[in-house]
Amino acid sequence: MNRALVKIPVERIEQAIYMIRGEKVMLDRDLAELYGVETRALKQAVRRNLARFPDDFMFVLVKDEFENWRSQFVTSDRDRIGLRYAPMAFTEQGVAMLSSVLRSKRAISVNVEIIRAFVRLRTILASNTELAKRFDDL
């Protein structure tokens, strides 16, 4: 049986998925933490491979989005460290592409867990939509 090298609680991953621009995304700093790399190293790897990250895979938060995100999710001074630059936001496809840029075994196994979390959220959302439709029908 093929066992993943890294087992991350699905709840930890789900807490790092945000809705921005109508997309479920994960931010560079959360991904870097999960992958066990520095945020600047992750950003550098992405910048070296920008052709792999079209706008529907990754985008940089604009000033208003960044400020809104900071005010909602960043509460402690410790969390503000390193937040001088707007984060990169990765869609599910962008997260999948990261495994080809970050070629470590950890990156691959973490990506598997993240993709499973995205699928789980999609299933939950579809189920909730179906329930809401049934209630409307009643």
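One can find the structure itself at the top, above this paragraph.
We now turn to the structure provided with this report. Bear in mind that the values here come from a model prediction, so they are computed numbers and not experimental data.

Here we look at the pairing of strand E2 (residues 23-27)
Here 4 bridges tie strand E1 (residues 17-20) to E2, and the two strands are oriented antiparallel to one another. When the sheet's bridge partners are listed, Tyr18 is paired in E2 with Val25. Counting the residues between successive antiparallel strands, the hairpin from E1 to E2 contains 2 residues, one of them, Arg21, with a positive phi of roughly 55°. Here E2 runs beside strand E4 (residues 88-90); their pairing, made up of 2 bridges, is antiparallel. Bridge pairing in E4 places Met26 opposite Phe90.

Notes on the side chain of Glu92
If you trace the backbone, Glu92 turns up in helix H6 (residues 92-101). A distance of 2.6 Å separates a polar atom in the side chain of Glu92 from a polar atom in the side chain of Arg122. Apart from residues lying up to four places away in sequence, Glu92 is in contact with Lys24, Ile115, Phe118, Val119 and Arg122.

Focus: the nonpolar core
Among the nonpolar cores identified, the biggest contains 26 residues, and Met26, Leu31, Tyr35, Phe90 and Ile114 are the most heavily contacted of them. For this core, the elements supplying multiple residues, two or more each, are helix H2 (28-35), helix H3 (39-48), E4, H6 and helix H7 (105-137). The element best represented in this core is H7, accounting for 6 residues. Look past the residues within four positions of Met26 in its chain and what remains in contact with it is Ile13, Ala16, Ile17, Leu31, Leu34, Met88, Ala89, Phe90, Val95, Ile114 and Phe118. Membership of the second largest hydrophobic core comes to 8 residues, among which are Tyr18, Phe59, Leu61 and Phe66.

How each quantity is defined
- Residues numbered from 1 in each chain as written.
- Predicted model: local features only at pLDDT ≥ 70, side-chain atom pairs only at ≥ 80, totals over all residues.
- Heavy atoms only, no water.
- Pairing = 2+ DSSP bridges.
- Helix = DSSP H or I, 4+ residues; strand = E, 2+ residues; numbered from the N terminus.
- Polar contact = N/O pair within 3.5 Å; in protein donor to acceptor, adjacent residues only side chain to side chain.
- Contact = heavy atoms within 4.5 Å.
- Core = buried A, V, L, I, M, F, W, Y, C linked by side-chain atoms within 4.5 Å.
- Buried < 20%, exposed > 50% of the residue type's maximum accessible area, 1.4 Å probe, protein only.

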